[in-house]
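Secondary and tertiary structure notes
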Amino acid sequence: MQLIKVIILSLLTLFCLSCSSQDTETYWKIDNIYREDKKPFVGLTGAFMQEIIDHQFHFVKRNDSLYFDMPEKFQIDIKKFKSLRQLHITDRDYYEMYAQDFSNSSFKIKFKDNATISDSKNTIIEFKKITKEEYLKSTQEIIDHQKSIEQKIYALKSQLDKQPQIILNPVKKMPTKVAELMNNMGEQIFLNIPTEIELRESGDLKNEVFGNIKIGTLKDKSVIYDIDHKENDYGLKQLTIWISSDSSAFNMDKYLADEPNFKLFKRDGSNVVGYNVGYDGKEDKAVVQSYFCLKYYKVENSHVFIYADVSRSQMRNAPNLEEMNKILNFNYNISQNISVKVNH
C-alpha cells in the first residue's frame with residue numbers, strides 16, 4: 001500500500017512539473033516601437049526605428065531565456081540582457097538600453113536614443129504575446145516570403161549574366177602625382193593618384209562596412225578621404241578612399257561570399273566591379289539597387305579601400321542606367337589610376 005502511494009505521489013509530481021514547464025513557455029512577436037511620451041520620430045530616426053520593426057522579431061520565452069527564431073536563431077539570457085547589440089540589430093552605442101519589463105501580455109525593451117536631437121529620447125520596443133498556433137503560422141509566412149524573395153533575386157542575377165546592365169569602358173591612362181595620406185595613428189600612406197583630382201579628409205557623415213572592418217566618421221581607427229574633381233561632382237555617389245588601422249584581417253573572397261546579394265560583373269584579384277541586387281517590396285520584384293566598384297590594398301598597418309556605390313535610390317529610384325553607367329565609369333577610371341607608391 002505504501003508503495004502504491006509513493007508511485008501515485010511521484011506521478012502527480014511529474015504531472016505538476018510538466019504543467020509548470022508548459023506554463024513557462026510563451027510565444028512573442030514584435031508589435032511596435034515608439035517614444036515613451038508618444039511623440040513621433042523625426043528625420044532619419046524614423047528610418048532606423050522602422051528597420052527594427054522590419055526585422056520581424058519572434059521569440060519563445062522558456063523560463064529565463066528568450067529563444068529567437070526571427071530574424072535569425074539566437075538565444076538571450078534575460079538576466080544578462082543589457083544591450084540592443086544582443087538583438088543583432090545595431091552596433092550603435094548611442095542606443096542605451098536601461099530596462100526590460102515582462103507583463104502578462106506584453107514585453108517592453110526600454111532604451112535611450114542618445115543620437116536624436118529630439119527632447120524625447122526614451123524609446124520602447126514592445127512585443128505582444130501570441131498563441132503557439134499564431135507563432136508557427138507567422139514564422140512560416142516569413143520563411144515562405146523570404147524564399148520567394150531569394151528566388152526573385154536569383155532569377156535577376158541569372159538575367160544579368162545574359163543581359164548585363166553595366167557597360168564598362170576601357171580604362172584611360174592618366175598622368176599621376178604622389179599624394180600623402182595619413183591613417184588615424186599618423187602613419188603615412190603614399191598613393192599615386194591622377195593629377196586632375198585632389199584628396200581631402202571627408203567632412204561628411206559617412207559609414208561603411210568591409211567584412212569585420214567598420215569605417216566611419218565617428219568610428220575609431222578610421223580616416224576617410226573624398227576626391228575633388230574640377231569638372232565632376234557626383235556627391236555621395238563619388239569615389240571615396242576609406243582607411244582603417246583595424247587589426248582584423250580582410251579577405252576579398254570571404255567578403256564577396258558573405259554578401260549574397262552581390263553579383264560580380266568583373267573581377268581582378270582585389271579589384272571588383274558589380275551589382276548590389278535587392279528586393280523592392282512595393283513592386284514585389286528584385287531590382288539592381290546599385291552599381292559598385294571596389295579596390296583594396298593592405299599598406300603596412302592600414303586597410304585601404306577605394307570604393308564607390310552608385311545607388312538606384314539616389315536616382316529617385318528610377319533605373320537610369322545611362323546615368324548610373326556614366327558615374328560608375330568615372331569612378332572606375334579614377335580608381336584604376338590610383339595605386340600604392342612603392343619605394344617612396
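Here's what I pulled together on the structure shown here. Everything numeric in this text was worked out from a predicted model, so none of it was measured. (Residues numbered from 1 in each chain as written. Predicted model: local features only at pLDDT ≥ 70, side-chain atom pairs only at ≥ 80, totals over all residues. Heavy atoms only, no water.)

1. Quick look at the overall build of the chain
What counts here: Secondary structure elements follow DSSP: runs of H or I of four or more residues count as helices, runs of E of two or more count as strands, with numbering from the N terminus. Each residue is placed in one exposure class: buried if its accessible area under a 1.4 Å probe, protein chains only, is under 20% of its type's maximum, exposed if it is over 50%, and partly exposed if it falls in between. Here, residues are in contact when the closest pair of their heavy atoms is within 4.5 Å. The accessible surface values rely on the Shrake-Rupley method and a 1.4 Å probe; as for residues, cover is taken only from the protein chains in view.
On a plain count of helices and strands, the chain comes out with five helices and 19 strands. By residue count, 41% of the 344 residues in the chain fall in the buried class. Relative to all contacts within the chain whose residues are 6 or more apart in sequence, the contacts with residues 24 or more apart total 55%. About 19,900 Å² of surface is accessible on the chain, with carbon and sulfur atoms providing 50% of the total.

2. Section: the side chain of Ser-120
For clarity, the cut-off: Polar contacts, as used here, are pairs of N or O atoms within 3.5 Å; protein pairs need one atom able to donate a hydrogen and one able to accept it. Residues neighboring in sequence count only if both atoms are side-chain atoms.
Inspection of the secondary structure assignment puts Ser-120 in the loop between strand S6 (106-113) and strand S7 (122-130). By relative accessible area, which is 5% here, Ser-120 ends up buried. Separated by 2.7 Å, the side chains of Ser-120 and Asp-37 make a polar contact. Contact partners of Ser-120, with chain neighbours within four places excluded, come to Arg-35, Asp-37 and Lys-39.

3. Focus: the sheet that holds strand S10 (residues 197-201)
Put simply, the test is: The criterion for strand pairing is that DSSP finds at least two bridges linking the strands in question. Every axis corresponds to a line fitted to the C-alpha atoms, with the helix fit spanning only the stretch in contact, and the corresponding angles, defined between N-to-C directions, vary from 0 to 180 degrees.
Strands sit in the order S10-S13-S14-S18-S17-S16-S15 across an open sheet of seven strands; the sheet is antiparallel. Both outer strands of the open sheet, S10 and strand S15 (262-267), are each paired with one neighbouring strand and no more. Neighbour-to-neighbour, the strand axes of the sheet open up by a mean angle of 25°, direction not taken into account. Direction of pairing for S15 relative to strand S16 (residues 271-280): antiparallel, over a ladder of five bridges. Along S16, the bridge assignment pairs Lys-266 with Val-273. Its contacts with the sheet put helix H5 (residues 321-336) on S10, strand S13 (222-229), S15, S16, strand S17 (285-299) and strand S18 (302-311), and the angle it makes with S17 is roughly 5°.

4. A closer look at the pairing of strand S3 (residues 65-70)
Side-chain positions along a regular strand alternate between the two faces of the sheet. Here five bridges tie strand S2 (residues 58-62) to S3, and the two strands are oriented antiparallel to one another. Residue Val-60 lies in a different strand from S3, and its bridge partner there is Tyr-67. Between S2 and S3, which pair antiparallel in sequence order, lie two residues; one of them, Asn-63, sits at a positive phi of approximately 55°. Across four bridges, the pairing between S3 and strand S4 (residues 74-77) is antiparallel. Residue Phe-68 lies in a different strand from S4, and its bridge partner there is Phe-74. Hairpin geometry of S3 and S4 is characterised by an intervening segment of three residues between the two adjacent antiparallel strands.

5. Let's talk about the pattern of salt bridges
The condition that has to hold: Salt bridges are identified by distance alone: a Lys or Arg side-chain nitrogen within 4 Å of an Asp or Glu carboxyl oxygen.
Overall, the coordinates contain 12 salt bridges when judged by the stated rule. Between Lys-73 and Asp-69 there is a salt bridge, with its nearest N and O atoms 2.6 Å apart. Judged by relative accessible area, which is 24%, Asp-69 ranks as partly exposed. Across the pair Arg-200 and Asp-228 runs a salt bridge whose closest N-O atoms are separated by 2.9 Å. Note that Arg-200 is positioned in strand S10 and Asp-228 in strand S13, a separation of 28 residues in sequence. Look at Arg-200 and you get partly exposed, because its relative accessible area is 37%. Judged by its relative accessible area of 31%, Asp-228 is partly exposed.

6. Quick notes on the sheet that holds strand S8 (residues 176-182)
Taken in spatial order, the three strands make up an open sheet running S8-S9-S19, and their pairing is antiparallel. Taken across any chain shown, the strands that pair with only one partner, and hence form the sheet edges, are S8 and strand S19 (339-340). Pairing of S8 with strand S9 (residues 188-194), which is carried by seven bridges, proceeds in the antiparallel orientation. Directly across from Thr-176, in S9, lies its bridge partner Pro-194.

All we've got here are geometric facts, nothing functional implied.
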